[in-house]
Amino acid sequence: MENIALKTTNITKYFHDPVTIPVLKNINLEVKKGEFVSIVGKSGCGKSTLLYVLSTMDRDYEGVLEINGVQATGQSLNSLAAIRNESIGFVFQFHYLLPDFSCLKNVMIPALKLGKFSPKEVEARAYEKLKMFGVEELALKKANKLSGGQQQRVAIARALINDPAIIMGDEPTGNLDSKNTGIVFDLFQKLSHEYGQTLITVTHDEDFAKRSDRIVEMADGEITNHGHR
Amino acid sequence: MKISVNTEIALTYLSSRKKQTVVAAMGVMFGISMFIFMQSLMKGTNDYFEKSSFSTTAHIRLYSENKVADAHMLNSYLKDNSTKILTNPKQLQQSLGLTNPYGIIQNIRKNPQVVAVTPQVTTNVIYASGSVNINGTVAGVNIDEEDKMFDVQGNMKEGDLHDLNRVNNGLLIGKGIADKLSLHVGDNITVRAGSGSPMIMRVIGIYATTIKQIDETKSYANIVQAQNLLGKDRSYVTDIKINLADYNNAPKVARDMETITGYKAEDWVQSNEQLKAAFKIRAIILNSVIGVILLVAGFGIYNILNMTIYEKIKEIAILKATGFPGNSVISIFLQQAVYIGLMGGVIGVIVGFLITFMVSKIYIGAGTLKYLPMSFYIPHYIEAVCFGILTTIAAGFFPARKASKVDPVTIIRG
Ligand SMILES: Nc1ncnc2c1ncn2[C@@H]1O[C@H](COP(=O)(O)OP(=O)(O)O)[C@@H](O)[C@H]1O
Ligand SMILES: [Mg+2]
């Protein structure tokens, strides 16, 4: 059991606006450590909603979520924040950088919060991450001066800064050309295979999904195929 | 120096919206400088009036007061235990003189709080010169001690007050008396005290205080002359005037003296009720003005932070998503409030001092008051900074708490 990174038991979630409808129905998902999983499905089937639940940000659901063998369901806001800071890197669908800060600072902030490394070390690590995605020359630019694709790459760099056990991405390559999508994919694969980090990505990119370790298919708030080989 | 992420974020937010930050800080600065200015003006004014009241009033005046008749005499005469009924009791004229005044004075001097004690003979008189008579009072004093307590020298217009010790029948008169009777130093004046016979005295000096009523009635004589005027012996003393090291202790010390001596001890607070009332009214006006100013400054901070939070709600969601707990978010926004408060506070203290200083140089020249009385009192500045910081923290707390409650998913989901 100890090689399970993330596990859900009967997770069900409703939206009440305008009428109460179930968006997630009895989701039972298990992701192993070091696994690279893609979640696919039609638009509106509940992929993003599921990812927010898995990321511990959304607490309004039924069922149980376990991360690294620890039950996250029912924990306090503060301890969930600490779990996210240390163990989960999240790439949002619409990248979401802090516009008043430089790219470098944007990448550094979660690490400064964690406080595991000195500010000097954090800066060096942040540069390293930016370099991996070919945006190191943008490091000192303000985040709101960047193109969508550049912002997305900085956002991925930020998700990796604390070497999180689990990296979640909501269409992390949605704004990237095929070359950069390739770079991101290769890197994700390297993180999972060489460094044992777990990756859960929602994607519309069929190639991207096919090359990952496993494809989880969703439809209408349910998992229709767990993709185990 | 290592600054925390929260601080770094707070400072970045402040500097990325410089204009609003400066405006909010100006609000605080205005509040604090006004606070300092008003406090300095009020304390200056209060001190001035207090000081000028002490130029005529001692901290404590001990004298013999008339008493209402009681059953005391009846009791000692009718020694049985019958019930005595006293109808319509009247005030009894006591001897105006104090019994054993020099013994009392010696006793009073033993109190370590007392810095000056002087006996005095006060009597109502009629001044006459030519065919004109006016009413007044003569204070028989030891002029050296009187001068030490009330700075008579500072009020002298003509003549030398020490002549009271040298010239037989010398009299130091108020300027009002001199004007009414057209008297100059060296002239003679007839003084008659109640039942006593008239006495011809010599004007040795003329003084003027800020209080017209005193100048028109009061004159000083040597205590021995006053006793002669009344036909009394050397042990006749009507008042004992006492000054303390700290006049704020006067009420308490006066009560003690009353119990020890059995005479009435009137402290300056009792004899200057209107002064105290004026202090109180000024304090109320001042505090309401300060309250309004600080409220406005606080509202400025509240407003700017509320706007920041409204604009930065997405970023707050990001911070929380990447693992900032609620209290970090509170800290980020509260720090912004505190920095605005500190900035406004430091400038406010400087501006407040400058305003106070400049106003203290404005010439008004009303009577003896040449310049507006301003006090430069360090605790005002400390209070101002404390109040300023308290206001900013209070104003910043509610927006900060609101920010900490932002639910990241709702914002990020869009
Ligand atoms: N805040 C919301 N209130 C009500 N319904 C919502 C809300 N957000 C999303 N939904 C609905 O929930 C379903 C799943 O949405 P989402 O998880 O974003 O789908 P996907 O990411 O797979 O495209 C959709 O039908 C969507 O309309
Ligand atoms: Mg989606």
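All of the points below concern the structure found in this document. (Residues numbered from 1 in each chain as written. Chains lettered and ligands numbered in written order. Predicted model: local features only at pLDDT ≥ 70, side-chain atom pairs only at ≥ 80, totals over all residues. Heavy atoms only, no water.)

Here the focus is the overall build of chain B. Helices and strands together make up the secondary structure of chain B, namely 16 helices and 14 strands. Relative to the 2.2 N^0.38 estimate, which gives 22 Å for 414 residues, the radius of gyration of chain B is 33 Å and therefore markedly larger than a compact globule would have. On the principal axes, the C-alpha backbone points of chain B span a range of 105 × 65 × 40 Å. A total of 414 residues make up chain B; the buried ones form 47% of that total. The long-range fraction of contacts in chain B, counting pairs at least 24 apart against all pairs at least 6 apart in sequence, stands at 75%. Accessible area for chain B stands at about 21200 Å²; split by element, carbon and sulfur atoms hold 60% of it. (Helix = DSSP H or I, 4+ residues; strand = E, 2+ residues; numbered from the N terminus. Rg over C-alpha atoms; globule rule 2.2 N^0.38 Å. Buried < 20%, exposed > 50% of the residue type's maximum accessible area, 1.4 Å probe, protein only. Contact = heavy atoms within 4.5 Å. Areas by Shrake-Rupley, 256 points an atom, 1.4 Å probe, with all protein chains shown as cover.)

This part takes up the interface of chain A and chain B. Every contact between the two is made by 22 residues of chain A and, on the other side, 28 residues of chain B. Buried area between chain A and chain B, both sides added, is near 2200 Å², and the carbon and sulfur share of it is 67%. For the chain A face of the interface with chain B, the top three residues by lost area are Tyr96, Asp100 and Lys113 of chain A, together amounting to 26%. There are three salt bridges connecting chain A and chain B. Among the salt bridges present, the one from Arg413 of chain B reaches Asp58 of chain A, with a minimum N-O distance of 2.9 Å. Our enumeration of links across chain A and chain B arrives at nine residue pairs in polar contact (both at pLDDT 80 or more). Broken down by secondary-structure element, the contributors of at least two residues to the side of chain A that touches chain B are strand E1 (4-15), helix H2 (77-87) and helix H3 (103-114) of chain A. At five residues, the largest contribution of residues to the side of chain A that touches chain B is made by H3 of chain A. Classifying every residue of the side of chain A that touches chain B gives 13 nonpolar, two polar and seven charged. (Buried area = accessible area lost by both parts, 1.4 Å probe. Salt bridge = Lys/Arg side-chain N within 4 Å of Asp/Glu carboxyl O. Polar contact = N/O pair within 3.5 Å; in protein donor to acceptor, adjacent residues only side chain to side chain. Nonpolar A, V, L, I, M, F, W, Y, C, P; charged D, E, K, R; others polar.)

Working note: a packed helix pair is described by the angle between its axes plus the distance between those axes. Put simply, H3 of chain A and helix H1 (residues 5-16) of chain B touch, their axes get as near as 9 Å, and they point 145° apart. In contact with Lys105, Ile109, Leu112 and Lys113 of chain A of H3 of chain A, H1 of chain B contributes Val5, Asn6, Glu8 and Ile9 of chain B. Tallied by class, the residues present in the contact of H3 of chain A with H1 of chain B amount to four nonpolar, one polar and three charged. (Axes fitted to C-alpha atoms, helices over the stretch in contact; angles between N-to-C directions.)

Okay, the sheet that holds strand E11 (residues 222-225) of chain A next. Residue and element names in this part refer to chain A. Strand order in this open sheet of six strands is E7-E8-E9-E4-E10-E11, and the pairing throughout is mixed. Of all strands in the sheet, those with a lone pairing partner are strand E7 (88-91) and E11, marking the two edges. Across the sheet, the mean angle from the axis of one strand to that of its neighbour is 25°, orientation sign disregarded. Bridging between strand E4 (residues 36-41) and strand E10 (residues 214-219) involves five bridges; their strand directions are parallel. Each residue of the ladder has a partner; that of Val40, found in E10, is Glu217. On the sheet, helix H1 (residues 47-54) packs against E4, E7, strand E8 (166-170), strand E9 (198-202) and E10 and is oriented at approximately 155° with respect to E8. Sheet strands touched by helix H5 (residues 148-160): E7 and E8. Its angle to E7, the strand with the most contacts, is close to 170°. (Pairing = 2+ DSSP bridges.)

Moving on: the environment of Ile104 of chain B. Looking at the secondary structure, you find Ile104 of chain B in helix H4 (residues 101-109). Once the C-alpha coordinates of Ile104 of chain B and Leu62 of chain B are considered, the two residues, 42 residues apart in sequence, prove to be 10.0 Å apart.

Together, Lys141, Lys142 and Lys145 of chain A together with Lys18 of chain B make up a positively charged patch on the protein surface. Mapped onto the secondary structure, Lys18 of chain B falls in helix H2 (residues 18-54). (Patch = residues over 30% accessible without salt bridge, like charges linked within 9 Å, V, L, I, M, F, W, Y side chains within 5 Å. Lys, Arg positive; Asp, Glu negative; His and termini not counted. Charge placed at Lys NZ, Arg CZ, Asp CG, Glu CD.)

All names here are of chain B. Helix length check: H1 (twelve residues) gives 16 Å between terminal C-alpha atoms against 16 Å at 1.5 Å per residue, within 8%. When you tally the buried positions in H1, you get nine out of twelve residues, the bulk of the element. Here H1 has its buried residues at Val5, Asn6, Thr7, Glu8, Ile9, Ala10, Thr12, Tyr13 and Leu14. (Expected span 1.5 Å × (residues − 1).)

So, about the packing of H5 of chain A against helix H6 (residues 178-195) of chain A. Residues and elements named next belong to chain A. For the pair H5 and H6, the least separation of the axes is 12 Å and the interaxial angle reads 10°. In terms of orientation, H5 lies roughly parallel with respect to H6. For the pair H5 and H6, contact is made by Arg153, Ile156 and Leu160 and by Asn180, Val184, Leu187, Phe188 and Leu191, respectively. Grouping the amino acids of the contact of H5 with H6 by side-chain chemistry returns six nonpolar, one polar and one charged. (Parallel < 35°, antiparallel > 145°, perpendicular 65-115°, else oblique.)

So, on to the site of ligand 1. Around ligand 1 sit Phe15, Asp17, Val23, Lys42, Ser43, Gly44, Cys45, Gly46, Lys47, Ser48 and Thr49 of chain A together with Arg413 of chain B, and those are all the residues in its vicinity. Around ligand 1, the neighbouring residues derive from chains A and B rather than from a single chain. Within the backbone of Lys47 of chain A, a nitrogen or oxygen atom sits 2.8 Å from an oxygen atom of ligand 1. Relative to its free-state accessible area of 560 Å², ligand 1 is covered by the protein chains to the extent of 65%. (Near = heavy atom within 4 Å.)

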